[in-house]
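Structural overview for review
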Amino acid sequence: DSGVTQTPKHLITATGQRVTLRCSPRSGDLSVYWYQQSLDQGLQFLIQYYNGEERAKGNILERFSAQQFPDLHSELNLSSLELGDSALYFCASSVDSYTGELFFGEGSRLTVL
Amino acid sequence: AQKVTQAQTEISVVEKEDVTLDCVYETRDTTYYLFWYKQPPSGELVFLIRRNSFDEQNEISGRYSWNFQKSTSSFNFTITASQVVDSAVYFCALSEAYTNAGKSTFGDGTTLTVKP
(Lines give C-alpha, C1' and ligand atoms only; values in the text may rest on other atoms or scores of the structure.)
Protein backbone atom coordinates (compact mmCIF):
# COMPACT_ATOMS: atom_id res chain seq x y z
CA ASP A 1 0.00 0.00 0.00
CA SER A 2 1.61 3.22 -1.23
CA GLY A 3 -0.53 5.49 0.95
CA VAL A 4 -1.97 7.27 -2.10
CA THR A 5 -5.73 6.92 -2.41
CA GLN A 6 -7.64 7.31 -5.64
CA THR A 7 -11.38 7.28 -6.20
CA PRO A 8 -13.27 5.96 -8.00
CA LYS A 9 -11.43 2.79 -8.96
CA HIS A 10 -13.64 2.21 -11.98
CA LEU A 11 -15.84 4.57 -13.93
CA ILE A 12 -17.95 3.96 -17.01
CA THR A 13 -19.49 6.91 -18.79
CA ALA A 14 -20.66 8.08 -22.18
CA THR A 15 -19.05 10.32 -24.76
CA GLY A 16 -19.57 13.99 -24.12
CA GLN A 17 -19.82 13.57 -20.37
CA ARG A 18 -17.66 15.04 -17.61
CA VAL A 19 -16.03 13.15 -14.75
CA THR A 20 -13.89 14.03 -11.75
CA LEU A 21 -11.16 11.80 -10.41
CA ARG A 22 -9.97 12.33 -6.87
CA CYS A 23 -6.59 11.71 -5.26
CA SER A 24 -5.36 11.91 -1.68
CA PRO A 25 -1.55 11.92 -1.49
CA ARG A 26 0.57 10.19 1.11
CA SER A 27 0.63 11.95 4.43
CA GLY A 28 3.25 14.70 4.31
CA ASP A 29 3.69 14.70 0.54
CA LEU A 30 3.29 18.12 -1.04
CA SER A 31 3.54 17.17 -4.71
CA VAL A 32 0.80 15.46 -6.67
CA TYR A 33 1.18 14.18 -10.21
CA TRP A 34 -1.34 12.86 -12.69
CA TYR A 35 -0.39 10.28 -15.30
CA GLN A 36 -2.44 8.62 -18.00
CA GLN A 37 -1.81 5.03 -19.05
CA SER A 38 -3.33 3.86 -22.30
CA LEU A 39 -2.54 1.04 -24.69
CA ASP A 40 -1.58 3.27 -27.57
CA GLN A 41 0.32 6.00 -25.72
CA GLY A 42 1.72 4.20 -22.70
CA LEU A 43 2.34 6.15 -19.50
CA GLN A 44 2.12 9.88 -20.10
CA PHE A 45 2.68 12.69 -17.63
CA LEU A 46 -0.26 15.06 -17.49
CA ILE A 47 0.29 17.64 -14.77
CA GLN A 48 1.95 18.31 -11.42
CA TYR A 49 0.88 20.39 -8.45
CA TYR A 50 3.06 21.38 -5.55
CA ASN A 51 1.47 22.70 -2.39
CA GLY A 52 -1.56 24.00 -4.26
CA GLU A 53 0.20 25.50 -7.25
CA GLU A 54 0.62 24.10 -10.73
CA ARG A 55 4.29 23.22 -11.15
CA ALA A 56 4.62 21.38 -14.45
CA LYS A 57 2.44 20.51 -17.39
CA GLY A 58 2.75 17.67 -19.84
CA ASN A 59 0.57 16.40 -22.64
CA ILE A 60 -2.68 17.38 -21.00
CA LEU A 61 -5.61 18.14 -23.26
CA GLU A 62 -7.45 21.46 -22.93
CA ARG A 63 -10.57 19.45 -22.05
CA PHE A 64 -8.77 18.26 -18.93
CA SER A 65 -8.05 20.33 -15.87
CA ALA A 66 -6.78 19.71 -12.38
CA GLN A 67 -6.35 21.43 -9.08
CA GLN A 68 -4.86 20.81 -5.67
CA PHE A 69 -6.78 21.93 -2.64
CA PRO A 70 -5.49 23.38 0.67
CA ASP A 71 -5.71 19.94 2.28
CA LEU A 72 -3.43 18.75 -0.55
CA HIS A 73 -5.87 16.39 -2.18
CA SER A 74 -6.17 16.79 -5.92
CA GLU A 75 -8.87 16.40 -8.52
CA LEU A 76 -8.55 15.76 -12.23
CA ASN A 77 -11.53 16.91 -14.27
CA LEU A 78 -12.11 15.38 -17.68
CA SER A 79 -14.80 16.95 -19.85
CA SER A 80 -16.37 16.42 -23.28
CA LEU A 81 -15.15 12.87 -23.05
CA GLU A 82 -14.20 10.95 -26.15
CA LEU A 83 -13.69 7.24 -26.73
CA GLY A 84 -9.95 7.82 -26.82
CA ASP A 85 -9.95 9.13 -23.26
CA SER A 86 -10.54 5.61 -22.00
CA ALA A 87 -7.47 4.84 -19.92
CA LEU A 88 -6.08 4.21 -16.50
CA TYR A 89 -5.44 7.49 -14.72
CA PHE A 90 -2.82 7.38 -12.01
CA CYS A 91 -2.18 9.84 -9.27
CA ALA A 92 1.24 9.85 -7.66
CA SER A 93 2.73 11.85 -4.84
CA SER A 94 6.18 12.73 -3.61
CA VAL A 95 7.48 14.65 -0.66
CA ASP A 96 8.81 17.43 -2.86
CA SER A 97 9.59 18.28 -6.49
CA TYR A 98 13.24 17.33 -6.32
CA THR A 99 13.63 13.67 -5.47
CA GLY A 100 11.61 12.19 -8.30
CA GLU A 101 10.53 9.09 -6.41
CA LEU A 102 6.85 8.72 -7.10
CA PHE A 103 4.37 6.77 -5.02
CA PHE A 104 1.44 5.79 -7.16
CA GLY A 105 -2.16 5.12 -6.28
CA GLU A 106 -4.01 2.12 -7.67
CA GLY A 107 -5.42 4.19 -10.50
CA SER A 108 -8.86 5.08 -11.76
CA ARG A 109 -9.92 3.10 -14.79
CA LEU A 110 -12.10 5.22 -17.04
CA THR A 111 -14.15 3.63 -19.79
CA VAL A 112 -15.91 5.92 -22.23
CA LEU A 113 -18.65 4.25 -24.27
CA ALA B 1 13.39 15.79 -25.78
CA GLN B 2 13.72 12.78 -23.56
CA LYS B 3 13.18 9.24 -24.74
CA VAL B 4 13.27 5.85 -23.07
CA THR B 5 13.41 2.66 -25.07
CA GLN B 6 12.68 -0.76 -23.69
CA ALA B 7 13.22 -2.95 -26.71
CA GLN B 8 12.02 -6.13 -25.05
CA THR B 9 8.25 -6.14 -25.15
CA GLU B 10 7.82 -9.52 -23.48
CA ILE B 11 10.17 -11.92 -21.75
CA SER B 12 9.28 -15.37 -20.48
CA VAL B 13 11.56 -17.36 -18.19
CA VAL B 14 11.33 -20.37 -15.95
CA GLU B 15 11.59 -19.90 -12.22
CA LYS B 16 15.15 -19.60 -10.88
CA GLU B 17 16.52 -18.31 -14.17
CA ASP B 18 18.28 -14.97 -14.20
CA VAL B 19 16.76 -12.31 -16.43
CA THR B 20 17.94 -8.89 -17.59
CA LEU B 21 15.61 -6.12 -18.68
CA ASP B 22 17.17 -3.58 -21.00
CA CYS B 23 16.66 0.17 -20.92
CA VAL B 24 18.24 2.73 -23.23
CA TYR B 25 17.60 6.43 -22.83
CA GLU B 26 18.15 9.71 -24.62
CA THR B 27 18.38 13.11 -22.97
CA ARG B 28 20.10 16.43 -23.43
CA ASP B 29 20.05 17.15 -19.71
CA THR B 30 23.43 17.02 -18.00
CA THR B 31 21.90 15.88 -14.74
CA TYR B 32 19.05 13.48 -14.68
CA TYR B 33 17.45 10.64 -12.80
CA LEU B 34 16.72 7.13 -13.98
CA PHE B 35 14.09 4.93 -12.39
CA TRP B 36 12.63 1.48 -12.51
CA TYR B 37 9.02 0.80 -11.57
CA LYS B 38 7.14 -2.48 -11.30
CA GLN B 39 3.49 -2.88 -12.26
CA PRO B 40 2.16 -6.23 -11.00
CA PRO B 41 -1.11 -7.69 -12.30
CA SER B 42 -2.99 -5.80 -9.60
CA GLY B 43 -2.17 -2.61 -11.51
CA GLU B 44 -0.44 -0.20 -9.16
CA LEU B 45 3.02 1.11 -10.01
CA VAL B 46 5.69 0.40 -7.44
CA PHE B 47 8.92 2.38 -7.23
CA LEU B 48 12.01 0.17 -7.26
CA ILE B 49 15.05 2.40 -7.65
CA ARG B 50 16.32 5.85 -8.56
CA ARG B 51 19.79 6.45 -9.97
CA ASN B 52 21.45 9.85 -10.34
CA SER B 53 23.28 10.56 -13.57
CA PHE B 54 26.47 11.42 -11.73
CA ASP B 55 26.54 8.14 -9.82
CA GLU B 56 27.51 5.22 -12.04
CA GLN B 57 27.96 2.72 -9.25
CA ASN B 58 25.96 -0.41 -9.77
CA GLU B 59 23.46 -1.28 -7.11
CA ILE B 60 22.27 -4.54 -5.66
CA SER B 61 19.20 -5.06 -3.53
CA GLY B 62 18.55 -8.68 -2.73
CA ARG B 63 17.85 -10.49 -5.99
CA TYR B 64 17.67 -7.20 -7.90
CA SER B 65 20.64 -5.43 -9.42
CA TRP B 66 21.01 -2.46 -11.71
CA ASN B 67 23.77 -1.66 -14.18
CA PHE B 68 24.04 1.99 -15.17
CA GLN B 69 26.41 2.79 -18.04
CA LYS B 70 26.46 6.40 -19.08
CA SER B 71 28.74 5.67 -22.04
CA THR B 72 26.04 3.57 -23.67
CA SER B 73 23.05 5.45 -22.15
CA SER B 74 21.77 2.27 -20.62
CA PHE B 75 20.26 1.38 -17.28
CA ASN B 76 19.64 -2.35 -17.21
CA PHE B 77 17.86 -4.32 -14.52
CA THR B 78 18.70 -7.90 -13.60
CA ILE B 79 16.62 -10.23 -11.50
CA THR B 80 18.60 -13.17 -10.16
CA ALA B 81 16.90 -16.48 -9.45
CA SER B 82 13.55 -15.22 -10.68
CA GLN B 83 10.35 -16.15 -8.89
CA VAL B 84 6.74 -16.33 -10.01
CA VAL B 85 5.99 -13.24 -7.92
CA ASP B 86 8.37 -11.27 -10.16
CA SER B 87 5.84 -11.57 -13.00
CA ALA B 88 4.87 -8.01 -13.81
CA VAL B 89 5.36 -5.19 -16.26
CA TYR B 90 8.57 -3.31 -15.57
CA PHE B 91 9.01 0.30 -16.61
CA CYS B 92 12.17 2.27 -16.98
CA ALA B 93 11.77 6.04 -16.62
CA LEU B 94 13.85 9.19 -16.98
CA SER B 95 13.45 12.68 -15.58
CA GLU B 96 15.36 15.89 -15.34
CA ALA B 97 17.06 16.04 -11.97
CA TYR B 98 15.88 18.37 -9.25
CA THR B 99 13.45 20.90 -10.72
CA ASN B 100 11.11 18.59 -12.62
CA ALA B 101 12.17 15.35 -11.03
CA GLY B 102 8.68 13.89 -10.93
CA LYS B 103 7.89 14.68 -14.55
CA SER B 104 9.09 11.35 -15.84
CA THR B 105 9.26 9.96 -19.33
CA PHE B 106 8.44 6.27 -19.25
CA GLY B 107 9.41 3.50 -21.60
CA ASP B 108 6.74 1.24 -23.01
CA GLY B 109 7.47 -1.43 -20.43
CA THR B 110 8.65 -5.01 -20.53
CA THR B 111 6.21 -7.72 -19.54
CA LEU B 112 8.03 -10.39 -17.58
CA THR B 113 6.40 -13.77 -17.10
CA VAL B 114 8.06 -16.20 -14.73
CA LYS B 115 6.74 -19.72 -15.10
CA PRO B 116 6.94 -22.28 -12.28
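As a reminder, the structure under discussion sits directly above these lines.
Residues numbered from 1 in each chain as written. Chains lettered and ligands numbered in written order. Predicted model: local features only at pLDDT ≥ 70, side-chain atom pairs only at ≥ 80, totals over all residues. Heavy atoms only, no water.

Describing the state of the cysteines
By the definition in use, this model includes two disulfides over all chains. A sulfur-sulfur distance of 1.8 Å marks the disulfide that ties Cys23(A) to Cys91(A). Every disulfide takes its handedness from the sign of the S-S torsion; for Cys23(A) and Cys91(A) that torsion is -55°, giving left-handed. On the criterion of sequence distance, the pair formed by Cys23(A) in strand β3 (residues 19–24) and Cys91(A) in strand β9 (residues 87–94) is long-range, its members being 68 residues apart. Classification of Cys23(A) by relative accessible area gives buried; the value is 0%. Paired by a disulfide, Cys23(B) and Cys92(B) hold their sulfur atoms 2.0 Å apart. Since a negative S-S torsion denotes a left-handed disulfide, the Cys23(B)-Cys92(B) link at about -65° is left-handed. Taken as a pair, Cys23(B) in the loop between β3 (19–21) and β4 (24–26) and Cys92(B) in strand β10 (residues 88–96) lie far apart in primary sequence, 69 residues in all. (Disulfide = S-S within 2.5 Å. Helix = DSSP H or I, 4+ residues; strand = E, 2+ residues; numbered from the N terminus. Buried < 20%, exposed > 50% of the residue type's maximum accessible area, 1.4 Å probe, protein only.)

Quick look at the sheet that holds β3(A)
Residues and elements named next belong to chain A. Ordered by their spatial adjacency, four strands build an open sheet running β1-β3-β8-β7, and the pairing between neighbours is antiparallel. Two strands lie at the open edges of the sheet, namely β1 (5–7) and β7 (64–68), each paired on one side alone. Strand-to-strand, the axes of this sheet are offset by a mean angle of 15°, without reference to chain direction. (Pairing = 2+ DSSP bridges. Axes fitted to C-alpha atoms, helices over the stretch in contact; angles between N-to-C directions.)

Thoughts on the pattern of salt bridges
Under the definition given, this model contains eight salt bridges over all chains. The partner of Glu82(A) in a salt bridge is Arg63(A), with the nearest N and O atoms 3.7 Å apart. Linking Glu82(A) in the loop between β8 (74–78) and β9 with Arg63(A) in the loop between β6 (53–57) and β7, this pair joins segments that are 19 residues apart in sequence. One salt bridge connects Glu59(B) with Arg51(B), and the closest N-O pair in it is separated by 2.8 Å. You can call Glu59(B) partly exposed: its relative accessible area is 30%. (Salt bridge = Lys/Arg side-chain N within 4 Å of Asp/Glu carboxyl O.)

Just geometry here; none of it tells us what the structure is for.
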